Amino acid sequence: MSKTSNPLGLSRRRALQLSAAAGVVSVFPGRRVFAQAASTYDLVIDRQSMMIDGHRSPAITLNGSVPGPTLRFIEGGEAIVYVRNNLSEDASIHWHGLLIDPAMDGVPGFNGYTGIPAGGTFTYRFDLRQAGTYWYHSHSGFQEQAGLYGSLVIESNKREPFRYDRDYVLVLSDHTDEDPSGIFQNLKTEDGYYNYRKQTLFDFFQDAREQGFGAAWDDRMAWGSMRMDKTDLADVTGYSFLVNGKGPKDNWTGLFTPGERVRLRFINASAMSIFDVRIPDLPMTVVAADGLNVRPVKINEFRIGTAETYDVIVLPEERPYTIMSEPIDRTGYARATLATAHGMEAPIPALRPRTLLTMNDMGMAMGGMDHGSMAGMEGMDHGSMAGMDHSKMGGMSGMNHGAPVGGNTMSNPDAPDAVANPPSEMTDSMGGMDRGARERASANQAAVGWADAGTLPGEKALAYADLRSVTTNKDTRPPTKDIEIRLDGNMERYIWALNGERYAYAEPIRVAYGDRVRLRLVNTTMMAHPMHLHGMFVELEDDTGANKALKHTVLVPPGKEVSVLLTADEPGEWPLHCHLLYHMAAGMMARFIVESKTASL
């Protein structure tokens, strides 16, 4: 049994004992490893199958499971991880969120690392410079989508600023029977290949009845001329959504004793899914974001982008609770349970309505975008936008019209009825909502706008503005340099890029060691992008003074800009990329180099 599936959870003392004992974990016959100052694990990558809700599915496994085992370490020590690759192709493991020697970061093509050859082995060895909840995954091809990922927990060598009695890791993911390479080819071959729920003629007439024919027609023309649909929220559908490798029917369950404070470490290890997470009737207190402690924030739900992590504390009473994770396109759900005994379960809430994107999500507030700066983007089909009537879209003159189209809801036999057969009052309430900015007065109204999860009245959803670091930022200097990084895309040819350049053609972004810079992440597309910088943390720029929250992955909403500060104090070549797997593969990635100061820097 892997540690992640331990139904008893872990007390902090037990976690520290396991971390200290990691040195004797071994799966290689004949090998005995005895750690001294180092903690040691052995991992084996293989191609096997996994069971999801009684269905066998192909997968890439680590030590025979998806996800791989939870690796537990203690801050201040050294990690040694032996990896054997039994695949017929090269593989790799990247240590997501760790401050690490760049040669150990695990991305082929960076810092001299070439990956783990087929049938070969590789030894990762690095210092454990931080505490918190992290994860690891492949950075080779589409292996991450197939299952090559796991969780990593580094116990603090100091007293935690909060107390808990039990500790669970919850790895959220999306799994498919399809060959991930085939998915990518489908996306490249046909615009909206997985878009099963585009708006229909029926929807148009319904809108016409509610808005008037002219308004409905103008609305359709505005969206149609940009080859977009207000229901475009995700590129790929048909996933099974998992918690610790378990489907909704498998129902991963964590046990607790009434009165205990339970720490839940959420990791979004999915390839393409952003989740809204809640536990009905059980408030959560966020205590860590992306592994680092934050001032406690009481919430009812949070949105977790791909590759982000959040730690929460809950105080459950003597009854079962459903941990509900809904992808933002509402095509299914991941479900787990907290209970006092196995076999107990709480009701599964109906999925909330899928939101409709608005013109605000198209970048209405970003009228200053520079079309000229897109000149270097090879393959962008600007010709496809001929005939576009800008007069219909006041305020959009500066946006990037190469925005994405994605997949939408399709019938899921396991989904609650609210999604498989949406009630008439749900569809009725959607008419005209794309005009945007209407506040929801009750739970029966549809969500509107990308950021709207359908949070119930009186409940609170976490926002980045709520996050405050518990420690004072080490560097409080003002930035001396602004770097704009535009997140660009063209869905028709499924091309994604940074600053108009696909990774293969892009010049590196260079900063001098020790520099304090502002990164302006400007999303010119209609999809959110979880942007991940390897090897360093960035500070969310806000008015919180010297307690800005630190993140390794920043979710940039569609049509919006997020500004972060960075002290470039980790020399090396670091990937900067969208953590939606197929976006990265299509080119939304750059080489971010921290180097000695030169005359040009």
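Above this note sits the structure.
What you see is a predicted model; the values in this text were computed from it and never measured. (Residues numbered from 1 in each chain as written. Predicted model: local features only at pLDDT ≥ 70, side-chain atom pairs only at ≥ 80, totals over all residues. Heavy atoms only, no water.)

Draft legend 1. A look at the pattern of salt bridges. Applying the stated criterion to the full structure yields 35 salt bridges. Counted as one network, the salt bridges with shared partners bring together Arg72, Glu155, Glu160, Asp167, Arg263, Arg265 and Asp311. (Salt bridge = Lys/Arg side-chain N within 4 Å of Asp/Glu carboxyl O.)

Draft legend 2. Looking closely at the sheet that holds strand β4 (residues 78–85). If you walk across this open sheet you meet the 4 strands as β2-β1-β4-β6, and the pairing is mixed. Looking at the sheet topology across the chains shown, the edges are occupied by β2 (55–62) and β6 (121–127). Taken over all neighbouring pairs, the strand axes of this sheet differ in orientation by 25° on average, direction set aside. Pairing geometry for strand β1 (residues 38–52) and β4, over 8 bridges, is parallel. For Leu43, the partnering residue across the bridge sits in β4 and is Val83. (Pairing = 2+ DSSP bridges. Helix = DSSP H or I, 4+ residues; strand = E, 2+ residues; numbered from the N terminus. Axes fitted to C-alpha atoms, helices over the stretch in contact; angles between N-to-C directions.)

Draft legend 3. Inspection of the sheet that holds strand β25 (residues 538–540) at higher detail. Spatially, the 6 strands line up as an open sheet ordered β21-β20-β23-β28-β25-β26, and their pairing is mixed. Each end of this open sheet is capped by a strand with a single partner; those strands are β21 (495–498) and β26 (550–551). With 7 bridges connecting them, strand β23 (residues 516–523) and strand β28 (residues 561–567) associate as antiparallel partners. Across the sheet, residue Val517 finds its bridge partner in β28, namely Leu566.

Draft legend 4. Seen up close, empty space enclosed by the protein. Scanning the model with the defined rule gives 7 cavities of 30 Å³ or more in all. If you add up the space inside the largest cavity, you get close to 150 Å³. Leu233, Ala234, Met272, Ile328 and Met527 are the residues nearest the centre of the largest cavity, which is lined by 20 residues in total. Taken together, the residues of the lining of the largest cavity break down into 15 nonpolar, 2 polar and 3 charged. (1 Å grid on protein atoms, 1.4 Å probe; cavity = no way out; pocket = protein on both sides within 12 Å on 5 of 7 lines; lining within 4 Å. Points joined across faces, edges and corners; volume = space filled by probe spheres on them. Nonpolar A, V, L, I, M, F, W, Y, C, P; charged D, E, K, R; others polar.)

Draft legend 5. Layout of the layout of surface pockets. Each pocket or cavity is described by its volume, and for the largest pocket that value is around 960 Å³. Along its surface, the largest pocket is lined by 36 residues, and Leu99, Leu292, Thr471, Lys474 and Leu550 are the ones closest to its centre. Taken together, the residues that form the lining of the largest pocket break down as 14 nonpolar, 10 polar and 12 charged.

Draft legend 6. Inspection of the pairing of β4 at higher detail. Pairing geometry for β4 and β6, over 7 bridges, is antiparallel. Bridge pairing in β6 places Ala79 opposite Phe126.

Draft legend 7. Region of the structure containing the side chain of Glu260. With respect to the helices and strands, the residue Glu260 is situated in the loop between β11 (252–255) and β12 (262–268). In terms of polar contacts, Glu260 uses its side chain to reach the side chain of Arg166, at 2.7 Å. At 3.0 Å, the side chain of Glu260 and the backbone nitrogen of Thr257 are in polar contact. With residues near it in sequence (within four places) discarded, Glu260 still touches Asp165, Arg166, Val314, Leu315 and Pro316. (Polar contact = N/O pair within 3.5 Å; in protein donor to acceptor, adjacent residues only side chain to side chain. Contact = heavy atoms within 4.5 Å.)

Draft legend 8. Spotlight on the packing of aromatic side chains. Tallied over the entire structure, the rule returns 19 aromatic pairs. Between Tyr41 and Phe73 the ring centres are 5.4 Å apart and the planes differ by 80°, which places this aromatic pair in the edge-to-face class. Taken together, the residues span a long stretch of sequence, with Tyr41 in strand β1 and Phe73 in strand β3 (residues 68–74) at a distance of 32 residues. Take Tyr41 and Phe73: they sit in the same class, and that class is buried. Between Phe122 and Tyr124, the aromatic rings sit 4.7 Å apart at their centres with planes inclined by 65°, giving edge-to-face as the arrangement. The positively charged end of Arg319 is found above the aromatic ring belonging to Tyr321, 4.3 Å away from the centroid. Over the ring of Phe110 we find Arg591; its NZ or CZ atom is 4.1 Å from the centre of that ring. (Phe/Tyr/Trp six-rings, centres within 6.5 Å; stacked < 30°, edge-to-face > 60°. Buried < 20%, exposed > 50% of the residue type's maximum accessible area, 1.4 Å probe, protein only. Lys NZ or Arg CZ within 6 Å of the ring centre and 35° of its normal.)

Draft legend 9. Spotlight on the nonpolar core. Grouped together as the largest cluster of nonpolar side chains are 112 residues, with contacts concentrated most on Trp95, Tyr124, Leu264, Phe266, Phe302, Tyr582 and Phe592. Looking at this core, the element that brings in the most residues is strand β30 (residues 589–595), giving 4 residues. In contact with Leu264, other than residues within four places in its own chain, are Tyr168, Leu170, Ile279, Tyr310, Asp311, Val312, Val314, Ile323 and Leu338. Judged by nonpolar contacts, the second largest core, of 13 residues, contains Tyr149, Val171, Ile267 and Ala307. (Core = buried A, V, L, I, M, F, W, Y, C linked by side-chain atoms within 4.5 Å.)

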